[in-house]
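# Geometric and topological summary
Residue strings, one per chain:
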Amino acid sequence: MRVLVVGSGAREHALVRALAADEQVARVWAAPGNPGIAAEPGAAGCRPLDPLDPAAVVALAAELDAELVVVGPEAPLVAGVADAVRQAGTACFGPSAQAARLEGSKAFAKEVMAAAGVPTAAARACTTTEQVAAALEEFGAPHVVKDDGLAAGKGVVVTDDRADALAHAAACLGRTGGGTGGGTGAVVVEEFLDGPEVSVFCLTDGRTVVPLAPAQDAKRAHDGDTGPNTGGMGAYSPLPWAPPGLVDEVVARVAQPVVDEMDRRGAPFAGVLYCGLALTSRGVRVVEFNARFGDPETQVVLARLRTPLGGLLHAAATGVLDDVPPLRWSRDAAVTVVVAAAGYPGRVRTGDPVTGLEAVPAAPGAPYALHAGTALDGAGRLVSAGGRVLSVVGTGPDLAAARAAAYAGVARVHLPGSHSRTDIAAAALRGSSA
Ligand code: AMP
Ligand code: GLY
């Protein structure tokens, strides 16, 4: 099988790495990719591409004679890339633009959850500051205010300060333009959910749901879950503290009802339904859906998956997931730690040299780096080019070993001004979620 992965982050690097390890995958390209993917052993390299241009993706898939296109990020999905690829007759892993609204509009996701009876935070969709003020009053503190549209994991403010909540709402309400670039001019104000967060990725062909192993992401920028929300600063899997039966419960109460509801609406969701959940004292509640693999959680989930990834994604893309035998998992644990640029998640500094990667040994079982915001400068040197610059994945027979491996790798990487969390998976070693 010849596979094209669309995207350029560490999630796409993890996907390419796993696809390259699948014997049934003859060639795997990424577009536009990044320097780390370009150097990935076993992969066929990167191609330039505007991932938001459906016609360009179709043309590249045709040029490469790809039999499967895997769309990594949400923006191309919302822009209709999966629809265009399928229309051109190529299998595509990723939902239609219509189905991707489960991620693209938080208000839509709430409406589908209500129709499907899926447990989630009570919420109000607001388009005026008066409505926002009333909803803040209704739910009380801590306040949760979400940009309705896509915001790269940064559209949510959780705060005890009513003025901060109102200011964020005002900023979101003022940001219109719709589509992939920014706000929809609406915000969602919702009830605060108290409890540990879990990410469960459910592969689906639009009918059958196959869950992957759960992971936990560290969303806040700084140690001890302090600082602003980010796209994710690290992750680990498995979760020693998670209740037994969690994944089955998520499929039964969340993923299958949502997949069935989307099918009923004539907008079947095929791809990966990312269920972001809070385990509250009242049970599992959905915090958010995404229409794509999570980053960085995918890095640790794929590090543990033993079932070849290419066949699995192809089955989801072609409607035959019910034929797939039970997934196989490594007994190993995996931990990933993000190395972020100075300023992330605010305004980031770019163009700094990234060195020391050659010191992260490329041996079986050794930690490895996955690139995200890296580029080559005019002299061919690796430099930072984004907020989350790279991450280091460690694996081992238990979380302690995996964590030690990941941090040993991070210690060897040098990027001026960078910051990483030092507490990824630390609480889990003590059997606790935070
Ligand atoms: P979202 O983009 O909806 O995933 O939100 C980003 C992050 O904000 C989540 O991972 C949570 O950490 C936090 N968050 C979102 N909604 C809530 C909520 N209702 N209660 C508590 N925290 C929330
Ligand atoms: N790690 C959170 C996300 O991918 O949305």
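For the structure, check the block above.
To start, this report covers the structure provided alongside it. Because the structure is a prediction, the values reported are computed rather than measured.

### With respect to the overall build of the chain
Tallying secondary structure elements over the chain gives 14 helices and 21 strands in all. Over its C-alpha trace the chain gives a radius of gyration of 20 Å, about what one expects of a compact globule, namely 22 Å for 434 residues. By its C-alpha atoms, the chain is 55 × 45 × 45 Å across when sized along the principal axes. Considering the chain as a whole, with its 434 residues, one finds that 56% of them fall into the buried category. The long-range fraction of contacts in the chain, counting pairs at least 24 apart against all pairs at least 6 apart in sequence, stands at 67%. Taken together, the 35 basic and 45 acidic charged side chains of the chain have centroids lying 2 Å from each other.

### With respect to the packing of helix 8 (residues 129-139) against helix 9 (residues 162-173)
Relative orientation of the contacting elements helix 8 and helix 9 amounts to 145°, with a least axis distance of 10 Å. Helix 8 and helix 9 meet at a crossing whose hand is right-handed. Every residue of helix 9 that contacts helix 8 at Thr129, Val132, Ala133 and Leu136 is listed here: Arg162, Ala165, Leu166, Ala169 and Leu173.

### Some thoughts on the site of ligand 2
Around ligand 2, the surrounding shell consists of Asp217, Lys219, Gly231, Tyr274, Asn290, Arg292, Gly294, Asp295, Pro296 and Glu297. Interatomic distance of 2.8 Å between a backbone N/O atom of Asp295 and a nitrogen atom of ligand 2. When the residues that make up the shell around ligand 2 are grouped by side-chain class, the tally is two nonpolar, three polar and five charged.

### Concerning the state of the cysteines
Summed over all chains, the structure comprises zero disulfides. Cys92 supplies the cysteine sulfur nearest to Cys46, a cysteine that is in no disulfide, at a spacing of 18 Å. Judged by relative accessible area, Cys46 falls into the partly exposed class, the value being 26%.

### Regarding the sheet that holds strand 17 (residues 333-340)
Read from one edge of the open sheet, five strands run 11-14-17-21-18, paired in antiparallel fashion. In this open sheet, the two strands that pair with only one neighbour each are strand 11 (216-217) and strand 18 (368-371). Both strand 14 (residues 234-237) and strand 17 contribute to a ladder of four bridges, which runs antiparallel. Among the inter-strand pairings, Gly234 is bridged to a residue of strand 17, identified as Val337. Across the face of the sheet, helix 1 (residues 10-20) comes into contact with strand 18 and strand 21 (388-396) while running at roughly 125° to strand 18.

### What to know about the pattern of salt bridges
Scanning the model with the defined rule gives 21 salt bridges in all. With its nearest N and O atoms 2.9 Å apart, the salt bridge here joins Arg11 to Glu12. Glu111 is the partner of Arg265 in a salt bridge, and the nearest nitrogen-oxygen pair spans 2.9 Å. Of the two residues, Arg265 is situated in the loop between helix 10 (246-264) and strand 15 (271-280) and Glu111 in helix 7 (residues 106-116); the sequence distance between them amounts to 154 residues. Judged by its relative accessible area of 41%, Glu111 is partly exposed. Residues joined in a network through salt bridges with shared partners are Glu111, Glu261, Arg264 and Arg265.

### Side note on the environment of Ala56
If you trace the backbone, Ala56 turns up in helix 3 (residues 54-64). Remark: the alpha-carbon pair of Ala56 and Val85, spanning 29 residues in sequence, is separated by 9.9 Å. Leave out the neighbours within four places in its chain, and Ala56 touches Leu49 and Asp50.

### Observations concerning the site of ligand 1
What surrounds ligand 1 is a group of 14 residues, the closest being Glu190, Leu193, Glu197, Lys219 and Glu288. The contact in question runs from an oxygen atom of ligand 1 to an N or O atom on the side chain of Lys106, over 3.2 Å. A distance of 2.7 Å separates an oxygen atom of ligand 1 from a polar atom in the side chain of Glu288. Here ligand 1 has 470 Å² of accessible area as a free molecule, and 93% of this is covered by the chains. When contributions to the shell around ligand 1 are tallied by element, the ones reaching two or more residues are strand 6 (143-147), strand 7 (156-159) and strand 16 (283-290).

### A look at the side chain of Asn34
Along the chain, the position of Asn34 falls in the loop between strand 2 (27-32) and helix 2 (35-38). The exposure class of Asn34 is buried, given its relative accessible area of 5%. Reaching out from Asn34, the side chain makes a polar contact with the backbone nitrogen of Gly36 at a distance of 2.9 Å. A polar side-chain atom of Asn34 sits 3.0 Å from the main-chain carbonyl oxygen of His371.

Definitions and limits used
- Residues numbered from 1 in each chain as written.
- Chains lettered and ligands numbered in written order.
- Predicted model: local features only at pLDDT ≥ 70, side-chain atom pairs only at ≥ 80, totals over all residues.
- Heavy atoms only, no water.
- Helix = DSSP H or I, 4+ residues; strand = E, 2+ residues; numbered from the N terminus.
- Rg over C-alpha atoms; globule rule 2.2 N^0.38 Å.
- Buried < 20%, exposed > 50% of the residue type's maximum accessible area, 1.4 Å probe, protein only.
- Contact = heavy atoms within 4.5 Å.
- Lys, Arg positive; Asp, Glu negative; His and termini not counted.
- Charge placed at Lys NZ, Arg CZ, Asp CG, Glu CD.
- Axes fitted to C-alpha atoms, helices over the stretch in contact; angles between N-to-C directions.
- Left-handed = near helix turned anticlockwise from the far one by under 90°.
- Near = heavy atom within 4 Å.
- Polar contact = N/O pair within 3.5 Å; in protein donor to acceptor, adjacent residues only side chain to side chain.
- Nonpolar A, V, L, I, M, F, W, Y, C, P; charged D, E, K, R; others polar.
- Disulfide = S-S within 2.5 Å.
- Pairing = 2+ DSSP bridges.
- Salt bridge = Lys/Arg side-chain N within 4 Å of Asp/Glu carboxyl O.
- Areas by Shrake-Rupley, 256 points an atom, 1.4 Å probe, with all protein chains shown as cover.

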